[in-house]
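The residues making up each chain are set out below.
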Amino acid sequence: MKLSKTEEQLMDIIWKYEQVFFKEIIESYPEPKPASTTVATLLKRIQDKGFINYKLFGNSRQYYPLVKKEDYFSKSLKEIVKDYFNDSSLQFASFFTKNSEMTADELEDLKRIVEQELNKKKR
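Residues numbered from 1 in each chain as written. Predicted model: local features only at pLDDT ≥ 70, side-chain atom pairs only at ≥ 80, totals over all residues. Heavy atoms only, no water.

## Section: unusual backbone geometry
Thought 1: Going from Glu 31 to Pro 32, the amide bond is cis rather than trans, its omega being -10°.
Thought 2: Position of Pro 32 relative to the elements: it lies in the loop between α2 (22-28) and α3 (36-48).
Thought 3: The phi dihedral of Asn 86 is positive, around 50°, even though this residue is not glycine.
Thought 4: At Asp 87, a residue that is not glycine, the phi angle is positive and equals roughly 60°.
Thought 5: Turning to its location among the elements, Asp 87 is positioned in the loop between α4 (69-84) and α5 (89-99).
Thought 6: On the basis of relative accessible area, Asp 87 is assigned to the exposed category, the value being 54%. (Helix = DSSP H or I, 4+ residues; strand = E, 2+ residues; numbered from the N terminus. Buried < 20%, exposed > 50% of the residue type's maximum accessible area, 1.4 Å probe, protein only.)

## Some remarks on the packing of aromatic side chains
Aromatic rings considered in pairs are described by the distance between their centres and by the relative angle of their planes.
Thought 1: Across all of its chains, the model carries nine aromatic pairs by this definition.
Thought 2: With 5.9 Å between their ring centres and 40° between their planes, Trp 15 and Tyr 72 make a pair best called tilted. Taken together, the positions of Trp 15 in helix α1 (residues 5-17) and Tyr 72 in helix α4 put the pair 57 residues apart, joining distant regions of the chain. For the pair Trp 15 and Tyr 72, one class covers both residues: buried.
Thought 3: Taken together, Trp 15, Phe 51, Tyr 72 and Phe 73 form an aromatic cluster joined through their ring pairs.
Thought 4: A cation over an aromatic ring shows up here: Lys 55 above the ring of Tyr 64, its NZ or CZ 5.6 Å from the ring centre.
Thought 5: Across from the ring centre of Tyr 54, 4.2 Å away, lies the NZ or CZ of Arg 61, which sits over that ring. (Phe/Tyr/Trp six-rings, centres within 6.5 Å; stacked < 30°, edge-to-face > 60°. Lys NZ or Arg CZ within 6 Å of the ring centre and 35° of its normal.)

If you want it as structure tokens, here you go:
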């Protein structure tokens, strides 16, 4: 299931803190801060989608993620590759390296990462 941009922004806060109270969530937003009712609605939607849950401490809810950030973005990336690059990682990698503004040093780093993965697969 996919999150909207505003839901992703809220999840970033929850992923960052791992366990966070409503008040801390509101404080984490940049100015202008959203209305607390808006954040409450977003929390409910994200919970309904199965991304978070909470523990009760008196009247306060401490939210925590049920989905790891890396897992969510890995799945999102796979969907992008499938939908926009004919399910071809090679087409995606080619597009990414040609159309990103990577420096020569960053491309060298990427090359090293690819070589490390190649060596792992050849073993």
